[in-house]
Amino acid sequence: MDKENIVITEKIAIGISACCMGSPVRYNGKGYNMLQTLQREKADFKWCPVCPESASGLGVPRDPIHLSGGNGDLVWLGEAMVKNRRGFDVTQVVKEGCEDSFKTLKRAGVSAYVYMDGSPTCGVYRTSLKDTKRGNPPGVFGSLLLKEELFLIPASDLQSPLKWWDARRRLLAFHWFKHLEIGGKKDLYDAWYKLKFLCQEIDDPFARDFGRRLADMKGKLEPEEIEKYRKEILEILRKPSTTRKITSSLWKNYAYYRKASGKTVEEVTSPEFKRNVTTIAKELVLMERTAFEDKVFFGTSPVIYRDRSRMRKLLSEAEMETTEMETPDVESPVTETTEIETPEVE
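Everything numeric here is computed off the predicted structure, so don't read it as measured data.

Description of unusual backbone geometry
Phase 1 of the analysis: The omega torsion across valine 60 and proline 61 is -5 degrees, close enough to zero to call that bond cis.
Phase 2 of the analysis: Topologically, proline 61 is positioned in the loop between helix 1 (52-55) and strand 4 (65-68).
Phase 3 of the analysis: Cis rather than trans, the peptide bond between proline 137 and proline 138 has omega equal to -5 degrees.
Phase 4 of the analysis: For lysine 295, which is not glycine, the phi dihedral falls at a positive 60 degrees.

Here's the deal with the layout of surface pockets
Phase 1 of the analysis: What the largest pocket holds in volume is close to 890 Å³.
Phase 2 of the analysis: Looking at the largest pocket, it is lined by 26 residues, and the ones nearest its centre are Leu38, Glu41, Asp44, Arg168 and Val285.
Phase 3 of the analysis: Only helix 5 (161-178), helix 10 (277-293) and strand 8 (303-305) provide two or more residues apiece to the lining of the largest pocket.
Phase 4 of the analysis: It is helix 10 that provides the largest number of residues to the lining of the largest pocket, a total of six residues.

Side note on the pattern of salt bridges
Phase 1 of the analysis: Applying the stated criterion across every chain yields a total of 19 salt bridges.
Phase 2 of the analysis: Close ionic contact of aspartate 166 with arginine 170 constitutes a salt bridge, the shortest N to O distance being 3.1 Å. With aspartate 166 and arginine 170 both in helix 5, this residue pair falls four residues apart, about one helical turn. Summarising the burial analysis for this pair, aspartate 166 and arginine 170 share the class buried.
Phase 3 of the analysis: Close ionic contact of arginine 230 with glutamate 227 constitutes a salt bridge, the shortest N to O distance being 3.1 Å. Remark: glutamate 227 and arginine 230 occur in helix 8 (residues 223-237); sequence separation between them is three residues, near one turn of the helix.
Phase 4 of the analysis: Several salt bridges converge on common partners, so that one network encompasses Asp166, Arg169, Arg170 and Glu201.

Regarding the confidence of the model for the chain
Interpretation of this model should avoid reading the predicted coordinates in detail wherever pLDDT is low.
Phase 1 of the analysis: Of the residues in the chain, 87% reach a pLDDT of 70 or more, and the chain-wide mean stands at 89.
Phase 2 of the analysis: Contacts from residues 330-346, a stretch scored under 50 in pLDDT, to residues over four places away or in other chains number zero contacts.

Let's talk about the packing of helix 6 (residues 185-202) against helix 8
Phase 1 of the analysis: Contact pair helix 6 / helix 8: the axes reach a minimum separation of 10 Å and the direction vectors enclose 30 degrees. Between helix 6 and helix 8, the angle is such that the two are roughly parallel. Handedness of the crossing formed by helix 6 with helix 8: left-handed. For the pair helix 6 and helix 8, the contacting residues are Leu188, Trp192, Leu195, Leu198, Cys199 and Ile202 in the first and Tyr229, Ile233, Ile236 and Leu237 in the second.
Phase 2 of the analysis: Residues belonging to the contact of helix 6 with helix 8 are distributed by class as follows: ten nonpolar, no polar and no charged.

Notes on the pairing of strand 4
Phase 1 of the analysis: Going residue by residue along strand 4, you find Ile65 and Leu67 tucked away on one face and His66 and Ser68 left uncovered on the opposite face.
Phase 2 of the analysis: Pairing analysis gives four bridges linking strand 4 to strand 5 (residues 81-84), with the strands arranged antiparallel. Each residue of the ladder has a partner; that of serine 68, found in strand 5, is methionine 81.

As for the environment of aspartate 209
Phase 1 of the analysis: With respect to the secondary-structure elements, aspartate 209 resides in helix 7 (residues 204-216).
Phase 2 of the analysis: On the basis of relative accessible area, aspartate 209 is assigned to the partly exposed category, the value being 32%.

Digging into the packing of aromatic side chains
Phase 1 of the analysis: Using the criterion set out here, one finds 14 aromatic pairs in the structure.
Phase 2 of the analysis: Ring centres 6.2 Å apart and planes at 20 degrees place the aromatic pair tyrosine 193 and phenylalanine 297 in the stacked group. In this pair, tyrosine 193 is assigned in helix 6 and phenylalanine 297 in the loop between helix 10 and strand 8, connecting sequence segments 104 residues apart. The same class applies to tyrosine 193 and to phenylalanine 297, which are both buried.

Conventions we followed
- Residues numbered from 1 in each chain as written.
- Predicted model: local features only at pLDDT ≥ 70, side-chain atom pairs only at ≥ 80, totals over all residues.
- Heavy atoms only, no water.
- Helix = DSSP H or I, 4+ residues; strand = E, 2+ residues; numbered from the N terminus.
- 1 Å grid on protein atoms, 1.4 Å probe; cavity = no way out; pocket = protein on both sides within 12 Å on 5 of 7 lines; lining within 4 Å.
- Points joined across faces, edges and corners; volume = space filled by probe spheres on them.
- Salt bridge = Lys/Arg side-chain N within 4 Å of Asp/Glu carboxyl O.
- Buried < 20%, exposed > 50% of the residue type's maximum accessible area, 1.4 Å probe, protein only.
- pLDDT = per-residue confidence, 0-100.
- Contact = heavy atoms within 4.5 Å.
- Axes fitted to C-alpha atoms, helices over the stretch in contact; angles between N-to-C directions.
- Parallel < 35°, antiparallel > 145°, perpendicular 65-115°, else oblique.
- Left-handed = near helix turned anticlockwise from the far one by under 90°.
- Nonpolar A, V, L, I, M, F, W, Y, C, P; charged D, E, K, R; others polar.
- Pairing = 2+ DSSP bridges.
- Phe/Tyr/Trp six-rings, centres within 6.5 Å; stacked < 30°, edge-to-face > 60°.

What follows is the structure, given as structure tokens:
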């Protein structure tokens with residue numbers, strides 16, 4: 001079994017609430033460039049911005065809207081409404097805007113969506129930003145996102161280096177496993193070997209139970225069973241981890257790296273050492289890169305992205321090193337010389 005990390009070379013498409021990408025499409029004509037904190041890493045993905053409220057034809061600026069009589073799920077069932085500040089019913093146009101935006105995401109083939117919580121449309125766990133009120137989640141568009149079982153990322157997580165690192169590594173694993181062809185038990189077992197360390201970190205009881213069920217499987221797996229197992233793992237990968245779990249997993253994987261490579265990485269410190277989330281994120285990124293370059297499996301981040309040009313360069317360098325190792329040393333011809341004695345000077 002291959003014990004190296006899985007490498008994705010195709011950029012993953014991510015949908016995003018347009019206001020989070022800097023577009024001035026909020027009801028008050030404002031927008032927030034949430035992606036600027038990602039810096040160069042922003043270019044590792046394809047972004048597909050949509051704004052359901054703008055697509056509804058409500059315009060910018062517009063009266064703010066709110067859910068009335070229930071959440072977004074009930075809006076689709078016809079049991080709740082969407083109203084603007086003046087009390088006008090805008091339910092139908094908002095539903096059409098959400099449907100149009102969702103069609104755009106499907107055409108783009110997105111695996112994930114960065115949502116603005118607190119929005120009556122894009123909100124997933126909040127549809128209001130007033131004080132501590134949650135409103136009536138999910139929002140109208142958020143309801144569609146949940147039903148489609150996309151990988152969801154709160155826009156606020158882009159502002160935290162550690163939360164973004166956690167979301168990124170889980171998204172890469174999610175995307176890979178979602179599109180992986182699984183023909184039978186062996187394929188599923190091999191995939192689980194790659195993902196189990198990450199799943200153990202996120203939800204250890206689930207991972208242990210899943211591993212036991214996998215070991216106890218008898219006979220041929222039917223397609224329906226395969227998809228059932230796939231859905232279970234994808235659901236786990238959607239769940240965020242915690243700082244404590246991440247630092248503990250980092251240390252365990254670093255111990256494995258030291259044993260496998262015989263090398264140390266001075267910047268990586270134990271979980272007992274107190275440091276901020278930015279420092280932890282830097283340690284994780286460094287460990288990802290170092291383990292990959294040394295061909296040591298880094299289980300806490302099993303799937304990584306490298307663009308095609310970078311992979312070609314790495315493969316070329318590896319081939320050159322192999323060639324140098326395989327080329328036998330050629331001894332230089334030795335020319336005999338007559339040693340000339342130097343007379344001693346009294």
